[in-house]
Amino acid sequence: MWTVLSMVAHAALPTAMSAASAAFPAAVSAASAAYGPVRSAKTERARPGVERKWFEGVRPECRPSDEDFSRMKAQYRYSSGFIHIAVVGFAGAGKSSFINAVRGLPRTDSVAAPTGIVETTDTVTRHADPHPDSRIVWYDVSTSGTPKKPDWQYFNDMGLYIFDCIIVLIDNPVLDSDLAILRACKQFKNIEAFIVRSKSDQHINNMVCKRMPQGFDLSNSDMNAETRSFFLTTKLEERQRFIDETSQNVQMHLKKHNLLPKKVYVICMDAMLATVRKMHSTEAIDEADLLNDIKEFVLESPQNES
């Protein structure tokens, strides 16, 4: 059972409140049902501030109980001595493809996570790392910020507080659900968070094609030398623009939501797979940096000493 630090009162809100504020009475009813009536003088004094925060979009802070931790750790088969990394993000972000790539597995491998444009993961799927000396367990977590799981409930409902590290796969623009997860990681100071911009190769190629002459076909292997030269030059320019704009966009959203600046790792799945296998990829950007930083986190984690 969750211990609510900011309790809400039971009285219905005035009917003059806007439809956008309708979530507050529902939350009050839910809290009442879960925790019973609380009408202490302290609660009544706190009520105006809690209501104001709800209307401003600030959710009441919740903390899991020891029972919650035990239940979710058992559900996700959390094991002492291992590092448990959750990969989260919007539908189509490539969570399963990312988990396959960092484990060095092509999607055709018999133990690879299923991938697809439509969300193929309904809950949380545990994936062991095939490397014999690895102490990492990967988790493919279902889509955040959907009607079934509003962004402000997602972190708690999915039990993300038990993980040692959370990798947030983002797109443009950065979603409220992404920021909600990062805010929650900040509250739980023992959770490391990485921000990853996936599918960089697709985005960069799309940017390049917009600048190429009409009729340009990227898949045409017989393009003349002049066209190929222009394409490669344009790709270098758009690659750097994509990296710069991605970082600027993320830092702007972090600052707007009172979160500290964080590095954004720009990657693509093919380059990640190649990097894990110690092969060269012309599409590589931050894949090696991400792997090295994850490795450093694992080595410094108290769990690694268990």
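The coordinates are above.
These remarks concern the structure in this document. (Residues numbered from 1 in each chain as written. Predicted model: local features only at pLDDT ≥ 70, side-chain atom pairs only at ≥ 80, totals over all residues. Heavy atoms only, no water.)

Some details on the packing of helix 7 (residues 200-211) against helix 8 (residues 225-256)
Rules: Between the N-to-C directions of two axes lies an angle of 0 to 180 degrees, each axis being a line fitted to C-alpha atoms and, for a helix, fitted only over the stretch in contact. Where helices and strands are cited, they refer to DSSP runs of H or I of at least four residues and of E of at least two residues respectively, numbered from the N terminus. Each angle is binned into one of four classes, with values under 35 degrees roughly parallel, values over 145 roughly antiparallel, values of 65 to 115 roughly perpendicular, and all other values oblique. By the definition used in this description, the sense in which the near helix is turned from the far one sets the handedness, with an anticlockwise turn below a right angle giving left-handed and a clockwise turn giving right-handed. Contacts are assigned to residue pairs with any non-hydrogen atoms lying within 4.5 Å of each other. Throughout this entry, Asp, Glu, Lys and Arg are counted as charged residues, while Ala, Val, Leu, Ile, Met, Phe, Trp, Tyr, Cys and Pro are counted as nonpolar. The remaining residues, Gly among them, count as polar.
Contact pair helix 7 / helix 8: the axes reach a minimum separation of 9 Å and the direction vectors enclose 125 degrees. With respect to helix 8, the axis of helix 7 lies oblique. Here helix 7 and helix 8 pass one another in a crossing that is right-handed. Contact with helix 7, carried on its side by Ser200, His203, Ile204, Asn205, Met207, Val208 and Arg211, involves Phe230, Phe231, Thr234, Lys235, Glu237, Glu238, Arg239, Arg241 and Phe242 of helix 8 and no other residues of that element. For the contact of helix 7 with helix 8, the per-class residue count stands at six nonpolar, four polar and six charged.

So, the packing of aromatic side chains
In plain terms, the rule: Think of it this way: a Phe, Tyr or Trp ring, Trp meaning its six-membered ring, pairs with another when their centres are within 6.5 Å, and the plane angle makes it stacked under 30 degrees, edge-to-face over 60, tilted otherwise. In this scheme, a residue with accessible area under 20% of its type's maximum is buried, one over 50% is exposed, and one in between is partly exposed, where area comes from a 1.4 Å probe on protein chains only. Charge-over-ring contacts are defined here by two conditions on Lys NZ or Arg CZ: a distance within 6 Å of the ring centre and an angle within 35 degrees of the ring normal.
Per the counting criterion, the structure on display carries nine aromatic pairs. Judged by centre distance (4.8 Å) and plane angle (65 degrees), the ring pair of Tyr139 and Phe163 falls under edge-to-face. With Tyr139 in strand 5 (residues 136-141) and Phe163 in the loop between helix 5 (151-157) and strand 6 (165-170), this pair connects stretches of sequence that are 24 residues apart. With respect to class, Tyr139 is no different from Phe163; both count as buried. Three or more aromatic residues link up through ring pairs in this structure, and these residues are Phe69, Phe155, Tyr161 and Phe188. Directly above the ring of Phe82 sits Arg135, whose terminal nitrogen or CZ lies 4.1 Å from the centroid. The cationic tip of Lys263 hangs over the ring face of Tyr265; the distance from NZ or CZ to the ring centre is 5.1 Å.

Concerning the environment of Ser177
One can find Ser177 in helix 6 (residues 176-187). Between the alpha carbons of Ser177 and Gly89 there is a distance of 8.1 Å; along the sequence they are 88 residues apart.

Structural notes on the sheet that holds strand 7 (residues 192-197)
Applied cut-off: Only strands that DSSP links by at least two bridges are regarded as paired with each other.
If you trace the six strands from one edge of the open sheet to the other, you get 4-5-3-6-7-8, paired in mixed fashion. Of all the strands in the sheet, the pair left with one neighbour each is strand 4 (124-128) and strand 8 (264-266). Taken pair by pair, the neighbouring strands of this sheet meet at an average axis angle of 25 degrees, ignoring direction. Strand direction decides the pairing type here: strand 3 (residues 83-89) and strand 6, joined by five bridges, are parallel. Paired with Val87 across the two strands is Ile167, which belongs to strand 6. On top of the sheet, helix 6 reaches strand 3, strand 6 and strand 7; it is set at about 160 degrees to strand 6, its chief contact.

Some words on unusual backbone geometry
Leaving glycine out, the prevailing phi sign among residues is negative, and the prevailing peptide bond configuration is trans. Phi at Arg77 is positive, roughly 55 degrees, even though this residue is not glycine. With respect to the helices and strands, the residue Arg77 is situated in the loop between helix 3 (66-75) and strand 3. Overall, the relative accessible area of 53% leaves Arg77 in the exposed class. Although it is not a glycine, Asn258 sits at a positive phi angle of roughly 60 degrees. Relative to the helices and strands, Asn258 resides in the loop between helix 8 and strand 8.

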